There are 2 protein chains.
Amino acid sequence: MIDPHLLTRLSEMVGKAHLITDASCLSEYGTDATRLSFMPDAVVFPRDSHEVSQILSLATRHQVPVIPRGAGSGMSGGALPVQGGLVMAMNRLDQILAIDPDNLIARVEPGVITARLQQAVEGLGLFYPPDPASLNISTIGGNVAECAGGLRAVKYGVTRDYVLGLKVVLPTGEILDTGVQTMKGVAGYDLTRLIIGSEGTLAVITAVTLRLIPKPEAKATMIAFFPQVSAAVQTVSDIVRNRIIPTILEFMDRLSINCVREELELPIPTDAGAMLLIEVDGDEALLRRQAETIKAVCLQGGALHFEAAANEEEAEQLWEARRNVSPSLFKLNPHKINEDVVVPRSRMAALVSFLEQMAQEYHLPIASFGHAGDGNIHVNIMLDKEDPEQLDHARIAVHRLFQKVIEFHGTLTGEHGIGITKAPYLEMEIPRPGLDLMVRIKKAFDPEGILNPGKIFS
Amino acid sequence: MIDPHLLTRLSEMVGKAHLITDASCLSEYGTDATRLSFMPDAVVFPRDSHEVSQILSLATRHQVPVIPRGAGSGMSGGALPVQGGLVMAMNRLDQILAIDPDNLIARVEPGVITARLQQAVEGLGLFYPPDPASLNISTIGGNVAECAGGLRAVKYGVTRDYVLGLKVVLPTGEILDTGVQTMKGVAGYDLTRLIIGSEGTLAVITAVTLRLIPKPEAKATMIAFFPQVSAAVQTVSDIVRNRIIPTILEFMDRLSINCVREELELPIPTDAGAMLLIEVDGDEALLRRQAETIKAVCLQGGALHFEAAANEEEAEQLWEARRNVSPSLFKLNPHKINEDVVVPRSRMAALVSFLEQMAQEYHLPIASFGHAGDGNIHVNIMLDKEDPEQLDHARIAVHRLFQKVIEFHGTLTGEHGIGITKAPYLEMEIPRPGLDLMVRIKKAFDPEGILNPGKIFS
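None of these values were measured; they are calculated from a predicted model.

We now examine the overall build of chain A. Across its full length, chain A holds 15 helices and 18 strands. By the compact-globule yardstick of 23 Å for 458 residues, chain A fits well, its C-alpha radius of gyration being 23 Å. The buried share of chain A, reckoned over its 458 residues, is 63%. Here chain A contributes 41 positive and 56 negative side-chain charges, whose respective centroids are spaced 4 Å apart.

Moving on, we get to the domain arrangement of chain A. All names here are of chain A. Once the domains are mapped, chain A shows domain 1 (96–214), domain 2 (218–326) and domain 3 (328–419). For domain 1 and domain 3, the distance between their C-alpha centres works out to 30 Å. The interface of domain 1 with domain 3 comprises nine residues on the first partner and eight residues on the second. When domain 1 packs against domain 3, the two sides together hide about 540 Å² of surface, and 43% of this comes from carbon and sulfur. For domain 1, the biggest contributors to the area lost against domain 3 are E146, V154 and E199; these three give 56% of the whole. Seen at the junction of domain 1 and domain 3, the total is four residue pairs in polar contact (both at pLDDT 80 or more). A per-class count over the side of domain 1 that touches domain 3 returns five nonpolar, two polar and two charged.

Residues and elements named next belong to chain B. Pairing within the open sheet is antiparallel, and its five strands lie in the order β5-β6-β10-β8-β9. Edge strands, defined here as strands with exactly one partner in the open sheet, are β5 (96–100) and β9 (175–179). Averaged over neighbouring strand pairs, the angle between their axes works out to 10° when direction is ignored. When β5 meets strand β6 (residues 105–108), the two strands line up antiparallel, connected through four bridges. Looking at the pairing, D100 lines up with I105 of β6.

This paragraph deals with the nonpolar core. Within the largest apolar cluster, 95 residues are counted, with the highest numbers of intra-cluster contacts made by I441(A), F445(A), I441(B) and F445(B). The residues touching F445(B), leaving out its near neighbours within four places in the chain, are L437(A), I441(A), L170(B), P171(B), L191(B), L194(B), I195(B) and L202(B). Within the second largest apolar cluster, 54 residues are counted, among which are A274(A), V352(A), I366(A) and V379(A).

It is worth spelling out the interface of chain A and chain B at this point. Listed as interface residues are 77 residues of chain A and, on the opposing side, 77 residues of chain B. With both sides pooled, the region where chain A packs onto chain B buries about 6,100 Å², and carbon together with sulfur makes up 63% of that total. Here chain A and chain B share ten salt bridges between them. Residues D102(A) and R241(B) are paired through a salt bridge, measuring 3.0 Å at the closest nitrogen-oxygen approach. Of all the secondary-structure elements, those providing two or more residues to the side of chain A that touches chain B are α7 (191–195), α8 (229–241), α10 (284–300), α14 (426–429) and α15 (432–445) of chain A. Partitioned by chemical class, the residues of the side of chain A that touches chain B number 34 nonpolar, 22 polar and 21 charged.

Right, let's get into helix α8 (residues 229–241) of chain B. In this model, α8(B) (13 residues) spans 19 Å end to end at C-alpha, consistent with the 18 Å of a helix rising 1.5 Å per residue. Positive phi appears at R243(B), one or two residues downstream of α8(B), with a value of about 65°.

Time to look at the pairing of β9(B). All names here are of chain B. Sheet analysis places strand β8 (residues 163–169) next to β9, joined by five bridges and oriented antiparallel. Residue pairing in the sheet places V168 in a bridge with L176 of β9. Hairpin connection from β8 to β9: five residues lie between these consecutive antiparallel strands, with G173 at a positive phi of about 105°.

Attention now moves to the packing of aromatic side chains. Residues and elements named next belong to chain A. Here the structure, examined in full by the defined rule, presents ten aromatic pairs over all chains. Taken together, a centroid distance of 4.8 Å and an interplanar angle of 70° make the contact between F402 and Y425 edge-to-face. Of this pair, F402 sits in helix α13 (residues 388–407) while Y425 sits in the loop between α13 and α14; the two residues are 23 residues apart in sequence, bridging distant segments of the chain. Each of the two residues, F402 as well as Y425, counts as buried.

Bringing the packing of helix α1 (residues 4–14) of chain A against helix α3 (residues 49–62) of chain A into the picture now. All names here are of chain A. Packing of α1 against α3 brings their axes to within 10 Å, and their N-to-C directions diverge by 170°. Judged by the angle between their axes, α1 and α3 are roughly antiparallel. The interaxial crossing formed by α1 with α3 has right-handed handedness. Counting all contacts with α1, which are made through L6, R9, L10, M13 and V14, the residues of α3 involved are E51, Q54, I55, L58, R61 and H62. Here the residues of the contact of α1 with α3 sort into six nonpolar, two polar and three charged.

Here the focus is the pattern of salt bridges. Residues and elements named next belong to chain B. Tallying each qualifying case throughout the model produces 44 salt bridges over all chains. A salt bridge links E407 to K404, with the shortest nitrogen-to-oxygen separation between them at 3.5 Å. Residue E407 and its partner K404 are located together in helix α13 (residues 388–407), separated by three residues, close to a single helical turn. A relative accessible area of 19% places K404 in the buried class.

Our next topic: the relation of the copies chain A and chain B. Mapping chain A onto chain B calls for a rotation angle of 180° and an axial translation of 0.0 Å; the resulting RMSD is 0.0 Å. Given the turn and translation reported, the copies of this chain are related as if by a two-fold rotation axis.

What counts, and at which threshold
Residues numbered from 1 in each chain as written. Chains lettered and ligands numbered in written order. Predicted model: local features only at pLDDT ≥ 70, side-chain atom pairs only at ≥ 80, totals over all residues. Heavy atoms only, no water. Helix = DSSP H or I, 4+ residues; strand = E, 2+ residues; numbered from the N terminus. Rg over C-alpha atoms; globule rule 2.2 N^0.38 Å. Buried < 20%, exposed > 50% of the residue type's maximum accessible area, 1.4 Å probe, protein only. Lys, Arg positive; Asp, Glu negative; His and termini not counted. Charge placed at Lys NZ, Arg CZ, Asp CG, Glu CD. Domains from an automatic or database assignment. Contact = heavy atoms within 4.5 Å. Buried area = accessible area lost by both parts, 1.4 Å probe. Polar contact = N/O pair within 3.5 Å; in protein donor to acceptor, adjacent residues only side chain to side chain. Nonpolar A, V, L, I, M, F, W, Y, C, P; charged D, E, K, R; others polar. Pairing = 2+ DSSP bridges. Axes fitted to C-alpha atoms, helices over the stretch in contact; angles between N-to-C directions. Core = buried A, V, L, I, M, F, W, Y, C linked by side-chain atoms within 4.5 Å. Salt bridge = Lys/Arg side-chain N within 4 Å of Asp/Glu carboxyl O. Expected span 1.5 Å × (residues − 1). Phe/Tyr/Trp six-rings, centres within 6.5 Å; stacked < 30°, edge-to-face > 60°. Parallel < 35°, antiparallel > 145°, perpendicular 65-115°, else oblique. Left-handed = near helix turned anticlockwise from the far one by under 90°. Least-squares fit on C-alpha atoms with pLDDT ≥ 70 in both.

Okay, here's the thing in structure tokens:
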């Protein structure tokens with residue numbers, strides 16, 4: 001429990017209206033997209049770097065945990081107050097500070113919602129590519145803290161690739177500008193990219209300088225169904241071999257296809273074992289030729305059915321398959337365990353086969369879909385958590401999945417982060433000397449260990 | 001001086017043939033592209049991670065400085081043994097371990113020369129874009145240590161953007177694999193990008209996993225001369241506004257143009273105050289249209305002369321202007337102080353004006369050229385170092401240049417690193433709390449401070 005004197009100090013710092021201590025209002029700030037729940041002692045809403053600094057200094061002096069929070073849309077529990085303490089909600093730092101078309105740069109506060117930034121820059125003919133599925137609610141600060149990916153990562157990269165510099169506050173209260181406001185820069189250690197993806201454990205982000213690119217002129221959307229995953233994966237390689245890097249290369253396995261089948265008007269072949277949703281963007285004339293090539297490659301690769309959208313409306317219909325898959329899976333069972341593993345693309349088919357075998361072995365439906373372009377597969381184990389046997393089997397399946405992913409030289413998480421849900425498994429990927437080094441780095445930032453404790457390292 | 005017993009131990013570790021202690025052979029390993037010179041106590045040539053680990057453990061126990069060295073082509077003194085000690089030359093780790101066209105990945109040892117890797121992957125229809133000017137001699141390990149940029153960075157980014165993972169040895173001897181072998185990954189802190197650009201002060205790199213892309217189909221080369229820098233810079237913005245990101249957007253100022261003028265067959269207008277060398281790459285049909293657009297934009301922007309290469313041979317002629325500039329500057333004075341500052345592109349013209357004023361004030365020729373696309377300007381102060389007044393003026397000019405760059409929200413170094421040459425100025429860009437944090441991070445990697453001491457932090 002936080003000392004009441006400290007709460008009084010906090011209230012003086014930010015104003016009474018910006019501190020929540022009433023137990024009935026706290027629980028909202030103790031959960032996120034994992035649906036796990038922990039109770040914070042208080043929630044504070046700072047206005048600027050200066051207030052963030054005051055709060056963190058106080059917390060370090062009194063060893064109070066501080067948990068930075070964006071929209072609470074994280075998938076691995078990064079914003080959960082697992083040890084209680086003070087949730088620092090960044091909602092009030094929500095200004096787009098500048099969009100500079102001459103230098104292709106935007107400067108924003110961390111509480112800006114990703115979609116809002118995208119709309120603002122697109123209005124000026126510019127483009128901010130990272131597009132996590134949560135973009136209508138998630139914030140730039142949260143995206144940076146988790147190094148969010150998204151559907152367009154195969155062509156455009158992830159959040160890390162668009163952050164030039166940060167303003168951050170260290171747990172001890174120092175305010176730092178890291179990185180640069182320019183396209184390039186190599187002065188000193190790369191604190192910017194060390195903080196990106198550090199899941200709110202190293203510093204609190206109070207401003208972000210982002211790189212923008214020109215908005216692509218047009219896009220073209222296609223869908224293809226294949227008898228097996230291996231044919232779909234080979235087709236992805238063949239598309240790239242034709243010098244085409246699509247913006248979107250989304251994959252769905254047989255079970256995922258079957259879950260959305262009846263909701264869609266698409267003529268999905270009954271024996272479809274894999275789907276690819278493909279989108280290319282850029283110059284309009286070039287796109288038309290690329291779409292022709294992709295069609296030929298898909299058909300040569302054994303596609304059972306290929307369809308190209310003639311217009312925006314038809315494109316939306318094709319997208320429906322991908323958009324509906326996540327909710328449709330609940331037809332199979334009431335609960336979901338979702339892991340965002342990555343393997344080299346050439347191992348995708350083997351991984352999906354392995355998952356199908358496990359599904360049979362444990363009598364649990366496992367649906368896989370995700371980003372075929374980067375080998376980032378969202379594995380969904382559907383279960384009834386009230387059934388102890390199913391829960392037990394699901395946990396074993398997750399463990400075996402991670403073992404297989406490591407055997408395939410993959411990673412436990414492509415874009416969701418370690419947080420608390422994957423912390424017990426992290427040592428499978430990063431042996432002790434690496435984790436020990438990370439803990440020493442954590443200490444270099446946060447000597448008292450007050451910032452987001454209990455995350456990443458279990 | 002290194003204890004002779006330690007030298008015996010080192011000789012046992014790597015074999016007598018792979019340790020140099022003869023004073024007459026050492027000096028070669030004590031200099032680099034800065035032409036500064038320091039004498040190491042010995043040079044060791046390890047064969048693999050295991051030997052690197054043994055050497056570093058020994059060095060940490062006995063507090064002997066170890067200085068990792070690639071080709072010795074660094075521009076800021078990163079590989080110089082400023083405190084003596086043991087130079088660790090990575091020449092024997094020179095294998096291309098794998099090129100994987102299906103997963104668009106290469107795995108190489110640090111001693112592989114950049115151009116050799118590029119040729120190897122291009123033979124398979126793939127592309128490794130980073131192209132520092134030193135690419136025919138510099139190594140991938142050195143490129144990673146300095147986060148090398150290059151001419152194509154405006155479109156393709158820098159070394160950092162192509163490194164997925166590293167094998168490194170910590171100064172204490174632990175061997176770590178950082179990052180991933182896949183396109184994505186966010187497990188734990190981003191040690192990979194923290195080590196990239198750390199100038200050999202945090203860990204010794206023994207293998208690098210690189211991301212590749214498909215080789216662009218074709219390219220088109222153009223050159224344009226403008227009356228003033230401001231017109232050239234505005235033209236760059238206008239090209240980008242037409243959704244074209246050229247591969248190359250090289251800039252030369254009036255003095256640089258005048259230095260190469262008589263060596264070239266190009267009809268350079270007498271009143272040319274700025275030159276742009278422009279190259280676009282990709283789909284052949286698209287290129288033709290982009291070249292038309294670029295021509296129109298240049299002429300609208302007031303170009304005095306515009307020329308497009310009809311073929312590879314003509315392209316080479318256009319490139320000669322840019323290639324000749326660096327050696328040609330020595331016509332002006334026997335010595336050069338070269339700084340690779342970066343400013344927001346919109347400040348480039350103001351920076352060049354400022355430099356022209358300083359040149360007049362101090363009676364020293366200052367020639368600027370570089371990467372207009374990213375605002376990365378190579379400022380060359382030409383002087384006779386034997387003349388104390390010139391040297392004094394040049395030093396004041398460097399200091400004032402850095403002040404102006406910081407005032408313009410730029411950075412002291414876009415791609416050469418801090419090393420020793422810029423270490424005295426680093427605090428102008430990174431105030432004390434940031435530098436203190438970097439020193440704590442250094443300590444988390446290197447508790448005894450044996451790895452490349454005296455670099456970055458002065």
